[in-house]
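Coordinate analysis (summary)
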Amino acid sequence: GERLPDRLKIVPGKFTIIVERTKNILTLYRDGEFFKEYKVATGRDLSTPLGEYWIASKLISPPWIDEGKIITSEQPEYPLGPAWMGLSGTRLGLHGTKSPEVIGQYVSSGCVRMLNEDIEELFKIVPFGTKVKIIE
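Below: a short report on this structure. Given the structure is predicted, the values throughout are model-derived calculations rather than measurements.

Turning next to the packing of aromatic side chains. One pass over the full model with this rule turns up two aromatic pairs. Pairing Phe15 with Phe35 gives two aromatic rings, centres 5.5 Å apart and planes at 80°, and the pair type is edge-to-face. Highlighted residues: Phe15 in strand 1 (residues 15-20) and Phe35 in strand 3 (residues 33-43), separated in sequence by 20 residues. Phe15 sits in the buried class, given a relative accessible area of 4%.

And the structure:
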């Protein structure tokens, strides 16, 4: 239902995302060179799994299921923010947050939380298949 702008900005290059779990930093690289850095929140008790993944899904405000209850973005308890990028082979993803004050902390159940404006920006930049590496 949204109208695309008359002009689209395409950022050329191959992107890679590195999440440093112990520093709660997500760094975006383009063609192997530093592009941008974001502060994030990762899993409590280091539950964000180390490894190599890729962006397997990109969704705007998808419904969230919590204990069998479907929560939509219109509901105040909706936890995901404006965008979701799912990681291959997992039920985890990069997403926004309704609690920006937790960014920089270890609070999630394994997902990588970002400020809403940051996930919106990253969502626009990186395509499906972008490599995501989570390191110590």
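Having put the structure on the table, let's press on.
Time to look at the environment of Pro76. Mapping Pro76 onto the fold places it in the loop between strand 6 (69-71) and strand 7 (83-87). A relative accessible area of 72% means that Pro76 is categorised as exposed. Sequence-wise, Pro76 and Leu115 are 39 residues apart; in three dimensions their C-alpha atoms are separated by 17 Å.

How each quantity is defined
- Residues numbered from 1 in each chain as written.
- Predicted model: local features only at pLDDT ≥ 70, side-chain atom pairs only at ≥ 80, totals over all residues.
- Heavy atoms only, no water.
- Phe/Tyr/Trp six-rings, centres within 6.5 Å; stacked < 30°, edge-to-face > 60°.
- Helix = DSSP H or I, 4+ residues; strand = E, 2+ residues; numbered from the N terminus.
- Buried < 20%, exposed > 50% of the residue type's maximum accessible area, 1.4 Å probe, protein only.

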